[in-house]
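# Observations on the three-dimensional arrangement
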Protein chains: 2
Amino acid sequence: MPTPASSESIDPHSVGIVHTQIIRFESLTLDNGEVLLPLEIAYETYGTLNEKKDNAILVCHALSGDAHAAGYHEGEKRPGYWDYYIGPGKAFDTNQYFIISSNVIGGCKGSSGPLTINGKTGQPFQSSFPFVSIADMVSAQEKLVSHFGIEQLFAVAGGSMGGMQALQWSVAYPTRLKNCIIMASTSEHSAQQIAFNEVGRQAILADPHWNNGIYTNENKPSKGLALARMMGHITYLSDEMMREKFGRKPPKGNIQSTDFAVGSYLIYQGESFVDRFDANSYIYVTKALDHFSLGTGKELTKALSIVKCRFLVVAYTSDWLYPPYQSEEIVKSLEVNAIPVSFVELNNPAGHDSFLLQSEEQDSILRDFLSSSDEGETL
Amino acid sequence: MPTPASSESIDPHSVGIVHTQIIRFESLTLDNGEVLLPLEIAYETYGTLNEKKDNAILVCHALSGDAHAAGYHEGEKRPGYWDYYIGPGKAFDTNQYFIISSNVIGGCKGSSGPLTINGKTGQPFQSSFPFVSIADMVSAQEKLVSHFGIEQLFAVAGGSMGGMQALQWSVAYPTRLKNCIIMASTSEHSAQQIAFNEVGRQAILADPHWNNGIYTNENKPSKGLALARMMGHITYLSDEMMREKFGRKPPKGNIQSTDFAVGSYLIYQGESFVDRFDANSYIYVTKALDHFSLGTGKELTKALSIVKCRFLVVAYTSDWLYPPYQSEEIVKSLEVNAIPVSFVELNNPAGHDSFLLQSEEQDSILRDFLSSSDEGETL
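Residues numbered from 1 in each chain as written. Chains lettered and ligands numbered in written order. Predicted model: local features only at pLDDT ≥ 70, side-chain atom pairs only at ≥ 80, totals over all residues. Heavy atoms only, no water.

## Comments concerning the overall build of chain A
What counts, and what does not: Only DSSP runs of H or I reaching four residues or more are called helices, and only runs of E reaching two or more are called strands; each is numbered from the N terminus. Only protein chains enter the accessibility calculation, which uses a 1.4 Å probe; a residue is then buried when its area is under 20% of its type maximum, exposed when over 50%, and partly exposed in between. Contacts: residue pairs with any heavy atoms within 4.5 Å of one another. Computed by Shrake-Rupley with a 1.4 Å probe, the accessible areas treat only the displayed protein chains as cover when residues are assessed.
When its secondary structure is counted, chain A shows 10 helices and 12 strands. Projected onto its principal axes, the C-alpha coordinates of chain A cover approximately 60 × 55 × 55 Å. Here chain A holds 379 residues, and 62% of them are scored as buried. Taking the intrachain contacts of chain A between residues at least 6 apart in sequence as the baseline, contacts between residues at least 24 apart amount to 72%. When the accessible surface of chain A is summed, it comes to about 14,900 Å², and 50% of that surface belongs to carbon and sulfur atoms.

Put into structure tokens, the structure is as follows:
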């Protein structure tokens, strides 16, 4: 268990107290021709960039994540989302690697997005923020990486939406990364994945406070966003895990509007999400997910014909939102192109969220893949 | 394909034009002690009850179904929900059997439910209607069956919630049915099944027109109910079927708020549902589903130790909402009790809705099970 965040009690395998920083670039031209003026990126780094600048790993977060991947923010007890895997002696070993973690553009955790103030109006962009794609998120990350003077990343790694960004790196900047780690992800959303996101978006649009995306913090579409999160949350867990965790038990706490523990859990998850996420961002980021498409089959094989890095693809048997067959599609297309790829399907019962959770098996798979890089081996 | 509903053109395998009838009983005492005064049941019948009154089959509908299981309502082009299986020469052969189909209580299609006028107030009960269980739905059906003078039903059959009613018949009235057909169903909802229903209910509760269940037809929680239906609809289809039907295609029609065909389809499904279903009923009926529990394992085996009929249990590989393992639980418990049971898992790719769809394989399974009844054989 992580220790609480006071400078004295930080354990030796933690990166300790960390701060999110904001860097500003003049502009970013998006795929659709629109221009972000300026481009701001919120990021954290852990470990030290070596002299040759060849030890950097970029980690990419999922839908509701942010730049805070490891260590503790001052006064907070909960570490970054991938703290189990990032730190001294951990799989992403900060004694060895320089880890960069940035918030995606279109998000709401410090990088340019709907909450950014529009210089022309003095008001947040909200729904007037331009559409951003996964490719745009990656273009922004490339600026950050170049800012550090890094010509080639040792690796790009991520799960779910983070995996899509990693995959996009491999095709957008083939020579700029040596290793690519894609977990619980896909080369494009299926109709079912789009459908879940679509219902989430419709829940936000149905909220009377939505007002076409122009709302105040006091009068925002909280109920719609909470519903989107509740539904999303079901898809992140497995049937088996929900049974073990909740079964048919009665509700916890004083939530009156449900008869079941799984209900009070979801309601709590929905309500707490609206305090830390923005409804416009939810729409922008889920649209970026749904529109990302490198294809499948021959189309994907063609898209991946230009990649130059080694790949690790990890899928989870219990992940029904991003089922293993989607990972296998990526693996197949890489194999057709004779690209070195290791594929692992893990039996972790936790569903889609597995990639975020502590697992010794996952830990050693990541370690082995990274450490075998210099020998140019696959697992 | 079914022919349009004009008396001349009805095909010889259709039961033709049918009418929903309403029967009124003095009262029904519910499981929780509350009393429905009176009890009204909407029902249809197809075929003729024989003199011995031993050829009756009760078919039980699913969540959003109603008493209209076969044939055509005057002027309508769409037949009842199980028309492919009910009619002259069909699996539920109306030349041989007398089919009874009734709307569940708590529903909104003619049987006592939230839309029923409360005699004391002159207003619809709405959310003051008492909680009804699957057992209560079955108690009401028993009154209807007894009204026909039927001592023993030849069979009770249903899919999804209809399957739960069939299973409940076997334990509530063990001597009153000879055969029990349970399709795509379960002995109790899992946490995941409850979770999907819960988010649907929360979507209704979040609608500003919900008003604790007191609303007018002009000012009803349509957006909440539409969202519940949209989400439900995803769970009724399989990943594979959604891919084939929609893939990543752009939206159809003039629905502006989505970029994908699967989105416009779901929005349409949600919007059309609110014209034919009541939000209070959605809450009552999904609660009945979630609270139904004959247990699993030893608890279920004990519950089923008193049954006397033969069973046919049908599951669908692609049904991830009511996965085959839930059907297998029922089968296992019946087998431990040495109750005759046939179990079939069908490979139909359509997901949970498979039981509603035309399938020659399903047709012959139903025929064979029913025709082997008199020999006391299992399949």
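Next comes the rest of the account.
## Side note on the environment of B:Ala203
Structurally, B:Ala203 can be placed in helix H3 (residues 191-206). When near neighbours in sequence (up to four residues on either side) are disregarded, B:Ala203 contacts A:Leu227, B:Gly224, B:Leu227 and B:Ala228.

## Let's talk about the relation of the copies chain A and chain B
Selection criterion: The copies were overlaid by least squares, fitting only the C-alpha atoms of residues that reach a pLDDT of 70 or more in each copy.
Of the transformation placing chain A onto chain B, the axial shift is 0.0 Å and the rotation is 180 degrees, giving an RMSD of 0.0 Å. As the rotation angle and translation indicate, the two copies are arranged about a two-fold axis. A share of 100% of interface residues in chain A that are also interface residues in chain B marks the association as one of identical surfaces.

## Examining the domain arrangement of chain A
All names here are of chain A. In plain terms, the rule: The domain boundaries here were taken from an automatic or database domain assignment. Joining two parts hides part of their accessible area as seen by a 1.4 Å probe, and the buried area is that hidden amount summed over both. By definition, a salt bridge exists where a carboxyl oxygen of Asp or Glu is found within 4 Å of a side-chain nitrogen of Lys or Arg. Throughout this entry, Asp, Glu, Lys and Arg are counted as charged residues, while Ala, Val, Leu, Ile, Met, Phe, Trp, Tyr, Cys and Pro are counted as nonpolar. The remaining residues, Gly among them, count as polar.
Looking at the assigned domains, one finds that chain A contains domain 1 (21-188 + 293-371) and domain 2 (192-289). For domain 1 versus domain 2, the distance between C-alpha centres works out to 24 Å. Across the boundary between the two partners, domain 1 contributes 33 residues, which contact 28 residues of domain 2. Roughly 2,600 Å² of surface becomes buried between domain 1 and domain 2 when both sides are summed, with 61% attributable to carbon and sulfur atoms. Contact with domain 2 buries area across many residues of domain 1, yet Leu 63, Gln 126 and Trp 320 alone supply 27% of it, more than any other trio. The tally of links from domain 1 across to domain 2 stands at zero salt bridges. Elements represented by at least two residues in the side of domain 1 that touches domain 2 include exactly helix H1 (134-147) and helix H2 (161-172). Along the lines of polarity and charge, the residues of the side of domain 1 that touches domain 2 split into 18 nonpolar, 12 polar and three charged.

## Quick notes on the sheet that holds strand E5 (residues 56-60) of chain A
Residue and element names in this part refer to chain A. Under the convention used in this document: Two strands pair under a simple rule: DSSP has to find at least two bridges between them. Lines fitted to the C-alpha atoms define the axes, with helices restricted to the stretch that makes contact. Angles between their N-to-C directions range from 0 to 180 degrees.
An order of E1-E4-E8-E5-E9-E10-E11-E12 is seen for the eight strands of this open sheet, with the pairing classed as mixed. The open sheet is flanked by strand E1 (21-25) and strand E12 (341-346), the only strands paired with a single partner. Averaged over all adjacent pairs, the angle separating strand axes in this sheet is 20 degrees, with direction ignored. The sheet contact formed by strand E11 (residues 310-316) and E12 spans six bridges and is parallel.

## Details of the UniProt feature "binding site: substrate" (unreviewed entry) in chain A
Residue and element names in this part refer to chain A. Counted only if it meets this: UniProt positions are given in the numbering used here, feature names are shortened, and annotations may be inferred rather than shown by experiment.
Listed under "binding site: substrate" (unreviewed entry) in the UniProt record, and renumbered for this structure, are Arg 229 and Asp 353. In three dimensions, the annotated residues from a span of 125 residues occupy one location, with a maximal C-alpha spread of 14.0 Å. The residue Arg 229 is located in helix H4 (residues 222-236) in this model. In this structure, Arg 229 is in contact with Ser 64, Tyr 236, Gln 269, Gly 270, Phe 273 and Arg 276, ignoring residues within four places of it in sequence.

## Notes on empty space enclosed by the protein
To find leftover empty space, one rolls a probe the size of a water molecule over the atoms. How we decide: Throughout, the protein atoms alone are placed on a 1 Å grid, and a set of points is a cavity if a 1.4 Å probe fits but cannot get out or a pocket if it is open with protein on both sides within 12 Å along at least five of seven lines; lining residues have an atom within 4 Å of a point. Grid points are joined across faces, edges and corners, and a volume is the space filled by probe spheres set on the points.
Enumeration over the complete set of coordinates arrives at three cavities of 30 Å³ or more. The computed volume of the largest cavity comes to approximately 70 Å³. Looking at the lining of the largest cavity, the elements that each hand over two or more residues are helix H3 (191-206) and H4 of chain A together with H3 and helix H4 (222-236) of chain B. Split into classes, the residues belonging to the lining of the largest cavity amount to 10 nonpolar, two polar and no charged. Taken as a whole, the second largest cavity holds about 40 Å³ of empty space.

## Observations concerning H4(A)
In plain terms, the rule: Expected helix span is computed as 1.5 Å times (number of residues minus one).
The first and last C-alpha atoms of H4(A) sit 21 Å apart over 15 residues, in line with the 21 Å expected at 1.5 Å per residue. Among the 15 residues of H4(A), 13 are classified as buried, and the element is accordingly described as predominantly covered.

## Re the confidence of the model for chain A
As a note on interpretation, predicted positions should not be read in detail where pLDDT is low. Put simply, the test is: Scored between 0 and 100, pLDDT is the confidence that the predictor attaches to each residue.
Summarising the model, chain A shows a mean pLDDT of 95, and 96% of its residues fall at 70 or more. Within the model, the stretch residues 1-5 of chain A combines pLDDT values under 50 with 17 contacts to residues more than four positions away or in other chains.

## Notes on the side chain of B:Ser64
All names here are of chain B. Keep this limit in mind: Under the rule applied, a polar contact is a pair of N or O atoms within 3.5 Å (in protein, one hydrogen donor and one hydrogen acceptor; residues adjacent in sequence only if both atoms are side-chain atoms).
Along the chain, Ser 64 turns up in the loop between strand E5 (56-60) and strand E6 (86-87). Relative accessible area serves as the criterion here: at 18%, Ser 64 is assigned to the buried category. Here the side chain of Ser 64 touches Arg 229 through a polar contact of 3.3 Å, side chain to side chain. Among all residues touching Ser 64, those that are not within four sequence positions of it are Lys 109, Arg 229, Phe 273, Arg 276 and Phe 277.

## Let's talk about the interface of chain A and chain B
Taken residue by residue, the interface counts 44 residues in chain A and 44 residues in chain B. Both sides together, the interface formed by chain A and chain B hides about 3,700 Å², and carbon and sulfur atoms give 65% of it. Taken together, the connections running from chain A to chain B amount to four salt bridges. Here B:Lys287 ties to A:Asp259 by a salt bridge, and the two come within 3.4 Å at their closest N and O atoms. Along the contact surface separating chain A from chain B lie 16 residue pairs in polar contact (both at pLDDT 80 or more). Looking at side-chain class alone, the side of chain A that touches chain B contains 24 nonpolar, 11 polar and nine charged residues.

## Focus: the pattern of salt bridges
In the structure shown here, the tally under the stated rule is 22 salt bridges over all chains. The partner of A:Arg243 in a salt bridge is A:Asp239, with the nearest N and O atoms 3.4 Å apart. Of this pair, A:Arg243 and A:Asp239 both sit in helix H5 (residues 239-245), four residues apart, which is roughly one turn of the helix. For B:Glu188, the salt bridge is made with A:Arg248, and the minimal N-O distance between the two is 3.7 Å. Of this pair, B:Glu188 sits in the loop between strand E10 (177-183) and H3 while A:Arg248 sits in the loop between H5 and helix H6 (261-273), each in a different chain. Residue classification places B:Glu188 among the buried positions, given a relative accessible area of 15%. Relative accessible area serves as the criterion here: at 24%, A:Arg248 is assigned to the partly exposed category. Each member of the salt-bridge network shares a partner with another, and the members are A:Glu198, A:Arg201 and A:Asp290.

## Things to note about the nonpolar core
As a reminder of what qualifies: We call a set of buried residues a nonpolar core when its members are Ala, Val, Leu, Ile, Met, Phe, Trp, Tyr or Cys and they connect through side-chain atoms within 4.5 Å of each other.
Counting 186 residues, the largest nonpolar core has A:Phe311 and B:Phe311 as its most contacted members. When neighbours within four sequence positions are excluded, B:Phe311 is seen to be in contact with B:Leu167, B:Ser170, B:Cys180, B:Ile182, B:Leu334, B:Ile339, B:Pro340, B:Val341, B:Ser342 and B:Phe369.

## Overview of the packing of aromatic side chains
Which entries qualify depends on this criterion: Aromatic rings from Phe, Tyr and Trp, with only the six-membered ring used for Trp, were paired whenever their centres fell within 6.5 Å, and each pair was classed as stacked if the ring planes differed by under 30 degrees, edge-to-face if by over 60, and tilted otherwise. Both a distance and an angle decide whether a charge sits over a ring: NZ of Lys or CZ of Arg must be within 6 Å of the ring centre and within 35 degrees of the ring normal.
Within this structure, the stated rule accounts for 35 aromatic pairs over all chains. Their ring planes at 50 degrees and their centres at 5.1 Å tell us that B:Trp169 and B:Tyr173 sit as a pair that is tilted. Comparing B:Trp169 with B:Tyr173 shows no difference in burial state: the two are buried. An aromatic cluster is built from A:Tyr81, A:Trp82, A:Tyr84, A:Tyr85 and A:Phe92, whose rings are joined through pairwise contacts. Sitting over the ring of A:Phe369, A:Arg310 keeps its end group 4.4 Å from the ring centre. Positioned over the ring face of B:Phe273 is B:Arg229, at 4.3 Å from the centre of the ring.

## Points about the sheet that holds strand E12 (residues 341-346) of chain B
Residues and elements named next belong to chain B. Strands sit in the order E1-E4-E8-E5-E9-E10-E11-E12 across an open sheet of eight strands; the sheet is mixed. This sheet does not close on itself; its edge strands, each paired only once, are strand E1 (21-25) and E12. For this sheet, the mean angle separating the axes of adjacent strands, direction not counted, is 20 degrees. The pairing of strand E4 (residues 39-46) with strand E8 (residues 98-102) spans four bridges and is classified as antiparallel. By the bridge assignment for E8, Thr 45 is matched with Ile 100. Lying over the sheet, helix H2 (residues 161-172) contacts E5, strand E9 (153-159), E10 and strand E11 (310-316), oriented at roughly 145 degrees with respect to E9. On top of the sheet, helix H10 (residues 360-371) reaches E5, E9, E10, E11 and E12; it is set at about 160 degrees to E10, its chief contact.

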